Amino acid sequence: MRVAVTGTPGTGKTTAADLLADRLAREADLPALEVIHLNEVLEREGLYTEVDADRESKVADLEGLAEWLDGREDVVIESHLAHHFPADRIVVLRCAPEPLETRLRERGETDAKARENAESEALDVILAEAVEEHGLESVYEIDTTDRDPEAVADALEAVVTGDREPSAGEVDFVGYLT
Ligand SMILES: Nc1ncnc2c1ncn2[C@@H]1O[C@H](COP(=O)(O)OP(=O)(O)OP(=O)(O)O)[C@@H](O)[C@H]1O
């Protein structure tokens, strides 16, 4: 089974996926899935097409990443790009725009980048992409706004074990737009 963990930068994908990886390694009754941090693969394998100077970020080579993922089936793929690849279950981590902006600023992002990501989150951009590419029945939303990382990992674990139902569309942050 392939599980994609996606969401706007700052929603806590890396943090939750690391906690899940610990649990998968320790608990024998959980499925044997390997957690892949796709941004690390992108860096390590050089799977980007250009470096975007203005935004100080690399443009992902989606075809190259898809080829790298080909044949890796029992995995949890963590990245804001994870929903662009074939997967059985797609988890979209969400966070209310204001606390998301604060998280990103505290992590050292520029005000402009923090604001841009908060607006993208308010507009459900990644959720919409995930639903368009995979359909409502494969998409699970987890609202991390008032959940600590262990509680987010609990919800993620419930998706992996099949104890949580698909839930796209439950989270609504449009009211945060100013
Ligand atoms: N559930 C949570 N509640 C509050 N803060 C959190 C939570 N999860 C992560 N954080 C904090 O938010 C910041 C972003 O977390 P993290 O790097 O895991 O996000 P991400 O979605 O993987 O981001 P990116 O896509 O940029 O890699 C970190 O400073 C982290 O400590």
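Just so we're clear, the structure is a prediction, and the values are computed from it rather than from any experiment.

Turning our eyes to something else, we now look at the sheet that holds strand 1 (residues 2-7). Strand pairing in a sheet takes place through backbone hydrogen bonds and is either antiparallel or parallel in direction. The strand order across the open sheet formed by 5 strands is 2-5-1-6-7, and the pairing between neighbours is parallel. Both outer strands of the open sheet, strand 2 (34-37) and strand 7 (139-143), are each paired with one neighbouring strand and no more. The mean inter-strand angle of the sheet, taken between neighbouring strand axes irrespective of direction, is 20 degrees. As paired elements, strand 6 (residues 89-94) and strand 7 share 5 bridges and run parallel to each other. Bridge pairing links R94 to D143 in strand 7. Here helix 1 (residues 13-26) sits on the sheet and contacts strand 1, strand 2, strand 5 (75-78) and strand 6; the angle it forms with strand 2, its principal contact strand, is near 155 degrees. Of the strands in this sheet, strand 1, strand 6 and strand 7 are in contact with helix 7 (residues 149-161), which crosses strand 6 at around 165 degrees.

Here the focus is the pattern of salt bridges. The tally for this structure, following the rule as stated, stands at 15 salt bridges. With a closest N to O distance of 2.8 Å, E150 and R23 form a salt bridge. Of this pair, E150 sits in helix 7 while R23 sits in helix 1, placing them 127 residues apart in sequence. Residue R115 is joined to E119 by a salt bridge in which the shortest nitrogen-to-oxygen separation is 3.2 Å. On the criterion of helical spacing, the pair formed by R115 and E119 is a turn pair, its members being 4 residues apart in helix 5 (residues 111-122). Given the relative accessible area of 34%, R115 is considered partly exposed. By relative accessible area, E119 is classed as partly exposed at 36%. Through salt bridges with shared partners, one network takes in E101, R105, D111, R115 and E119.

Core analysis: the largest hydrophobic core is formed by 21 residues, its most contacted members being I36, L38, V41, L65, L69, I90 and V92. Listed by contribution, the elements that provide at least two residues to this core are helix 2 (38-45), helix 3 (62-69), strand 5, strand 6 and helix 6 (125-134). Apart from residues no more than four positions distant in its own chain, I90 is found in contact with A4, T6, H83, A130, H134, S138, V139 and Y140. Core analysis: the next-biggest nonpolar cluster, separate from the first, contains 19 residues, V35, V91, A155 and L156 among them.

Parameters and conventions
For every chain, the first residue of the written sequence is number 1, and numbering continues from 1 onward in sequence order. Only residues with pLDDT of at least 70 get local features here, since the model is predicted, and only at 80 or more are side-chain atom pairs given and counted; chain-wide, interface and lining totals rely on the full set of residues. Here the side-chain values reflect all heavy atoms present in the structure, with hydrogen atoms and water set aside. At least two bridges found by DSSP between two strands are what make those strands a pair. Helix and strand definitions follow DSSP, with helices as H or I runs of at least four residues and strands as E runs of at least two, each counted in order from the N terminus. Geometry is summarised by axes, namely lines fitted to C-alpha atoms with helices restricted to the contacting stretch, and by angles between N-to-C directions that run from 0 to 180 degrees. Throughout, a residue-residue contact means that at least one pair of heavy atoms, one from each residue, lies within 4.5 Å. Whenever a carboxyl oxygen of Asp or Glu lies within 4 Å of a side-chain nitrogen of Lys or Arg, that contact is scored as a salt bridge. Burial status follows relative accessibility: with a 1.4 Å probe on protein chains alone, a residue under 20% of its type maximum counts as buried, one over 50% as exposed, and anything between as partly exposed. Nonpolar cores are built from buried Ala, Val, Leu, Ile, Met, Phe, Trp, Tyr and Cys residues. Side-chain atoms within 4.5 Å join them into one set.

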